[in-house]
Amino acid sequence: MPADDGELEVNLLEFLLKSFSFDRCASVGGTEYALFHRTETESEMQFRPRLVTLRVIVPRAWVVYDLAADLLFVARDGGTPGARATGQALEEAAEKSEFQEQGVRWRKTTLQRGSVVYAPTELSESLLAPGGRAELGLT
């Protein structure tokens, strides 16, 4: 069952072996989306690494709470999370631009330096078009 408001606000979304905090919900084209965020440091090997904000945009109906793990996951059917990544988390710069995570194909898009968004591939065109970004508050 999709996560309720209380579960969204107090639990973390596990995505790509990283934890993302709930930011807010927004509607685009009549569909409600949950936005999650995380801040990381660019490669530590750089002389002056900068902060990078990572955001996950997922249809609200796909976010489920797993009581046993005490985490939020993505479940396209609103009930059973798909297979999750295994191994170790990668720095954002080492991630592929398209990948599969929790049963969904994702696209990673850099909006501007220091701002990266992950969106389901099938929805990314509309979500990341200027109108979609404005409705999501990503302008």
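Residues numbered from 1 in each chain as written. Predicted model: local features only at pLDDT ≥ 70, side-chain atom pairs only at ≥ 80, totals over all residues. Heavy atoms only, no water.

## Structural notes on the side chain of Ser 124
The condition that has to hold: Strands are runs of DSSP state E lasting at least 2 residues, helices are runs of H or I lasting at least 4, and numbering of each runs from the N terminus. Residue contacts are defined here by distance: any two heavy atoms, one from each residue, within 4.5 Å place the two residues in contact.
In this structure, Ser 124 sits in helix H2 (residues 121–128). Residue contacts for Ser 124: discarding those within four places in its chain leaves Arg 107, Ala 119 and Ala 129.

## Notes on unusual backbone geometry
One non-glycine residue, Leu 16, lies in the positive phi region at around 55°. Checked against the element boundaries, Leu 16 lands in the loop between strand E1 (13–15) and strand E2 (18–28). Non-glycine residue Leu 17 carries a positive phi angle of around 65°. In this fold, Leu 17 is placed in the loop between E1 and E2.

## Some remarks on the packing of aromatic side chains
Filter applied, for reference: We call Phe, Tyr and Trp rings a pair once their centres come within 6.5 Å, taking the six-membered ring for Trp, and we label the pair stacked below 30 degrees between planes, edge-to-face above 60, and tilted otherwise. Cation placement over rings: the criterion is NZ of Lys or CZ of Arg within 6 Å of the ring centroid and within 35° of the ring normal.
Under the criterion given, the structure shown has 7 aromatic pairs. One cation-aromatic arrangement involves Arg 84 over Phe 73; the distance from NZ or CZ to the ring centre is 4.0 Å.

## Some points on the pattern of salt bridges
This is how the line gets drawn: Salt bridges are identified by distance alone: a Lys or Arg side-chain nitrogen within 4 Å of an Asp or Glu carboxyl oxygen.
All told, the structure shown has 11 salt bridges when counted by the stated rule. In this structure, the salt-bridge partner of Glu 98 is Arg 107, at a minimum N-O distance of 3.0 Å. A cluster of three or more residues bridged by salt bridges with shared partners is formed by Lys 18, Arg 38, Glu 40 and Glu 95.

## Points about H2
Our working definition: Note on classification: 1.4 Å probe, protein chains only; a residue is buried when its accessible area is under 20% of the maximum for its type, exposed when over 50%, partly exposed between these limits. Directions drawn from the helix axis to the C-beta atoms are what define this arc.
Residues of H2 that are buried: Thr 121, Leu 123, Ser 124, Leu 127 and Leu 128. End-on view of H2: buried residues confined to an arc of 140°, all on one side of the axis. Exposed and facing more than 90 degrees away from the buried side of H2 are Glu 122 and Glu 125.

## Considering the pairing of strand E8 (residues 104–112)
Formally: Strands qualify as paired when DSSP identifies two bridges or more between them.
Strand direction decides the pairing type here: strand E7 (residues 98–101) and E8, joined by 4 bridges, are antiparallel. Residue pairing across strands places Phe 99 opposite Trp 106, the latter belonging to E8. Between the antiparallel neighbours E7 and E8 lie 2 residues, among them Gln 102 with a positive phi of about 55°. Taking the residues that link successive antiparallel strands as the turn, the E8-strand E9 (residues 115–120) hairpin has 2 residues, and the phi of Gly 114 there is positive, at about 90°.

## Looking at the pairing of strand E5 (residues 63–66)
A regular strand carries its side chains on alternate faces of the sheet. Alignment of E5 against strand E6 (residues 71–74), held across 4 bridges, turns out to be antiparallel. Within E6, the position partnered with Val 64 by the bridge is Phe 73. The antiparallel hairpin formed by E5 and E6 contains 4 residues in its connecting segment, where Asp 70 sits at a positive phi of about 55°.

## What about the environment of Glu 14?
With respect to the secondary-structure elements, Glu 14 resides in strand E1. As a C-alpha pair, Glu 14 and Ala 85 span 71 residues in sequence and 9.8 Å in three-dimensional space. Sequence-distant contacts of Glu 14, defined by excluding residues within four places in its chain, comprise Leu 71, Leu 72, Phe 73, Arg 84 and Gln 102.

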